[in-house]
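Chain by chain, the residues run as shown.
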Amino acid sequence: MTRKYFGTDGIRGRANGVITPDLALKVGQATGLAFRRGEHRHRVVIGKDTRLSGYMIEYAMVAGFTAVGMDVMLLGPMPTPAVAMLTRSMRADLGVMISASHNAYEDNGIKLFGPDGYKLNDEVEREIEALIDADLGPRLAASAGLGRAKRIDSAAARYVEFAKRTMPRNMSLEGLRIVLDCANGAGYKVAPEALWELGAEVIVIGDEPDGFNINREVGSTHPEALVAKVRELRADIGIALDGDADRVLIIDEQGHIVDGDQLMAVIARSWLEDGRLSAPGIVATVMSNLGLERYLAGLGLSLARTAVGDRYVLEHMRTHGFNLGGEQSGHIILSDFGTTGDGLVAALQLLAVVKRMDKPVSEVCHCFEPLPQILKNVRYKAGKPLEQQAVVSAIEAARQLLGESGRLVIRPSGTEPVIRVMAEGDDRDLVERAVDDVVDAVTKAAA
């Protein structure tokens, strides 16, 4: 069943275009009604990133929630994983994160968490969609039953303490020079504070949000500024968060990028040695490099693959008992600590390994040599290019070209009108040919 509002990660779109005050109000009302459980006083926590449109959406949602009798606790700018954690910690019935993650400031979105801190499943999202389009007037609270709203000033300190406690007891980051890129986003206050309190020397960039500059030439999607700063200052490591701080990218001391696949390899190896893996393997998506799969096999660990999206990784982890999973893009889920990807906590796990091994980040993080992998995006305006016969034939031919030693992944983006074409294998020339052939076919079909 096609969903009208929800994509792969909540509701997302152009602010004041798709994500209007009217929609935000209705989402607040609909979600509040969907999560009414019994006669107790219901509560929702709302966090946001630093986009200008966050104010508009936040207050519209406050109006929606209070109209159906829910009390609202406003966290202000706060990472997505902090909202998930505080939803549980504060015993709220619901958590809301207002963010479009790594998108530019013009976009925004609404992510929803249940009382357990987990993102909602498809069934609950469909229930909310039905309520959004329904006449909710008769179900609004009576005058005496309206909700209240208040700001929670202790939210940042709570999350900083939570993040610090994920580190091994008595471990200090003293002696490490860290350049931290906060993407002018939701982690710009809490992430530097946590690293500084753990003893590191912290140099921060991307910590001056103005409503417009989130993810603009900074953060995990634009690591060039961080690479330059790490080299300039001869830092031990660079850490880049994205706009809502649920994913992370690492820069080693030589200025080389370390992606989520290498991060998962480091943590998997460390947790295997410490006996902390709850299952003999990890969970990643179809986009993770084949080199990761081969490296894990060498350790006696499996790699389970899911569709792209941290929610699908997490669902597989919960169903099959894994406690480590993630995406190549830097969403790392450590279910011993949290219910969603957490860029800061993932970085702290890596820093713990670096301190314990007492080796440069470049040595710690180079677990395997990635296979040649090429990803290209094809933007389209309408229709279903992947269903056209010429595209189907091109995809089949590309799979045969790569053979058993390669992989081909074609998928439409869940957040924008783009088809992603990815291939990998031992032979770079074959990989390039496979991708180019499919891209050409899709481009023609989308014209």
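Higher on the page you've got the structure.
Everything numeric in this text was worked out from a predicted model, so none of it was measured.

Cut-offs and rules
Residues numbered from 1 in each chain as written. Predicted model: local features only at pLDDT ≥ 70, side-chain atom pairs only at ≥ 80, totals over all residues. Heavy atoms only, no water. Helix = DSSP H or I, 4+ residues; strand = E, 2+ residues; numbered from the N terminus. Rg over C-alpha atoms; globule rule 2.2 N^0.38 Å. Contact = heavy atoms within 4.5 Å. Lys, Arg positive; Asp, Glu negative; His and termini not counted. Charge placed at Lys NZ, Arg CZ, Asp CG, Glu CD. Buried < 20%, exposed > 50% of the residue type's maximum accessible area, 1.4 Å probe, protein only. Phe/Tyr/Trp six-rings, centres within 6.5 Å; stacked < 30°, edge-to-face > 60°. Lys NZ or Arg CZ within 6 Å of the ring centre and 35° of its normal. Salt bridge = Lys/Arg side-chain N within 4 Å of Asp/Glu carboxyl O. Pairing = 2+ DSSP bridges. Axes fitted to C-alpha atoms, helices over the stretch in contact; angles between N-to-C directions. Polar contact = N/O pair within 3.5 Å; in protein donor to acceptor, adjacent residues only side chain to side chain. Parallel < 35°, antiparallel > 145°, perpendicular 65-115°, else oblique. Left-handed = near helix turned anticlockwise from the far one by under 90°. Nonpolar A, V, L, I, M, F, W, Y, C, P; charged D, E, K, R; others polar.

Undergrad: How would you explain the overall build of the chain if you had to name every residue and give the values?
TA: On a plain count of helices and strands, the chain comes out with 14 helices and 18 strands. Relative to the globule expectation of 22 Å for 447 residues, the C-alpha radius of gyration of the chain, 22 Å, shows essentially globular dimensions. Taking the intrachain contacts of the chain between residues at least 6 apart in sequence as the baseline, contacts between residues at least 24 apart amount to 71%. Both charge centroids of the chain, one from 51 positive and one from 61 negative side chains, sit 4 Å from each other.

Undergrad: Give me the lowdown on helix 3 (residues 80-89), citing residues and values where you can.
TA: Burial runs high along helix 3: 8 of the 10 residues are buried. For helix 3, the complete set of buried residues consists of Thr80, Pro81, Ala82, Val83, Ala84, Met85, Leu86 and Thr87. The secondary structure elements touched by the buried residues of helix 3 are strand 2 (43-48), strand 3 (71-77), strand 4 (94-98), strand 5 (107-113) and helix 5 (155-164). Two residues or fewer after helix 3 comes Arg91, characterised by a positive phi angle close to 55 degrees.

Undergrad: Could you give an account of the packing of aromatic side chains, with specific residues and numbers?
TA: Considering all chains together, one arrives at 4 aromatic pairs under this definition. On the numbers, 5.2 Å between centres and 75 degrees between planes, the contact of Tyr105 with Phe212 is edge-to-face. Remark: Phe212 occurs in the loop between strand 8 (201-205) and helix 7 (224-233) and Tyr105 occurs in the loop between strand 4 and strand 5; sequence separation between them is 107 residues. Judged by its relative accessible area of 34%, Phe212 is partly exposed. Centroid distance Trp271 to Phe337: 6.3 Å. Interplanar angle 80 degrees. Geometry classified as edge-to-face. One end of the pair, Trp271, is in helix 8 (residues 260-274); the other, Phe337, is in the loop between strand 15 (332-334) and helix 11 (343-357), and 66 residues separate them in sequence. Residue classification places Trp271 among the buried positions, given a relative accessible area of 1%. Residue Phe337 is classed as buried on the basis of its relative accessible area, which comes to 18%. Stacked on the ring of Tyr118, the Lys or Arg Arg318 has its end atom at 3.4 Å from the ring centre.

Undergrad: Now, about the pattern of salt bridges: what can you tell me, with residues and values included?
TA: Under the counting rule described, the total for this entry stands at 26 salt bridges. As a salt-bridge pair, Asp71 and Arg41 come within 3.0 Å of each other at their nearest N and O atoms. Placement of Asp71 in strand 3 and of Arg41 in the loop between helix 1 (21-34) and strand 2 is noted, with a sequence separation of 30 residues between them. Among the salt bridges present, the one from Glu58 reaches Arg151, with a minimum N-O distance of 3.4 Å. Residue Glu58 is located in helix 2 (residues 54-67), and its partner Arg151 is located in strand 6 (residues 149-151); the two are separated by 93 residues in the primary sequence.

Undergrad: I'd like a description of the sheet that holds strand 18 (residues 418-425), backed by residues and values.
TA: With antiparallel pairing, the 3 strands of this open sheet are ordered in space as 16-18-17. The open sheet has two free edges, formed respectively by strand 16 (373-379) and strand 17 (406-412), since each of these has just one partner strand. Averaged over all pairs of adjacent strands, the angle between strand axes in this sheet comes to 10 degrees, irrespective of strand direction. Pairing geometry for strand 16 and strand 18, over 7 bridges, is antiparallel. Within strand 18, the residue paired with Gln373 across the bridge is Glu424.

Undergrad: Please set out the sheet that holds strand 9 (residues 237-241) residue by residue, giving values where relevant.
TA: Spatially, 8-7-9-10-11 is the arrangement adopted by the 5 strands of the open sheet, whose pairing is mixed. This sheet does not close on itself; its edge strands, each paired only once, are strand 8 and strand 11 (257-258). Taken together, the 5 bridges between strand 7 (residues 177-181) and strand 8 define a ladder with parallel strand orientation. Within strand 8, the position partnered with Leu180 by the bridge is Val204.

Undergrad: An account of the environment of Trp196 is requested, with residue identities and associated values reported.
TA: Residue placement: Trp196 occurs in helix 6 (residues 190-197). Under the relative-accessibility criterion, Trp196 is labelled exposed at 58%. In the structure, Trp196 is positioned 23 residues away from Leu173 in sequence and 8.6 Å away in space, judged by C-alpha atoms.

Undergrad: Please give an account of the pairing of strand 10 (residues 248-251) that cites residues and values.
TA: Looking along a regular strand, one sees the side chains alternate between the two faces of the sheet. Of the two faces of strand 10, the one holding Val248 and Ile250 and the one holding Leu249 and Ile251 are both buried throughout. Here strand 9 pairs with strand 10 via 4 bridges, running antiparallel. Within strand 10, the residue paired with Leu241 across the bridge is Val248. Adjacent in sequence and paired antiparallel, strand 9 and strand 10 are bridged by 6 residues, among which Ala245 carries a positive phi angle near 60 degrees. Two strands pair when backbone bridges link them, and strand 10 and strand 11 are joined in this way by 2 bridges, in the antiparallel orientation. Within the sheet, the bridge partner assigned to Ile250 lies in strand 11 and is Val258. Linkage of strand 10 to strand 11, two consecutive antiparallel strands, is achieved through a turn of 5 residues, within which Gly255 is found at a positive phi near 90 degrees.

Undergrad: Break down the side chain of Asp93 for me, citing the residues and quoting the values.
TA: Looking at the element boundaries, Asp93 is found in the loop between helix 3 and strand 4. Arg43 is the oppositely charged side chain nearest to the buried, salt-bridge-free Asp93, at an N-O distance of 5.6 Å. Looking at Asp93, its side chain comes within polar contact range of the side chain of His40, at 2.8 Å. Not counting residues within four places of it along the chain, the set of residues in contact with Asp93 comprises Phe35, His40, Arg41, His42, Arg43, Met70, Gly114 and Pro115.

Undergrad: Kindly report on the packing of helix 5 against helix 6, identifying the contributing residues and their values.
TA: Two numbers describe how helix 5 lies on helix 6: the axes approach to 9 Å, and their chain directions differ by 45 degrees. Taken together, helix 5 and helix 6 sit at an angle that is classed as oblique. With respect to the hand of their crossing, helix 5 and helix 6 are arranged in right-handed fashion. When helix 5 is examined against helix 6, the residues Ala156, Tyr159, Val160, Glu161 and Lys164 are found in contact with a partner set consisting of Val190, Glu193, Ala194 and Glu197. Class assignment of the residues belonging to the contact of helix 5 with helix 6 gives a composition of 5 nonpolar, no polar and 4 charged.

Interpretation note: all reported values are geometric properties and have no functional meaning in isolation.
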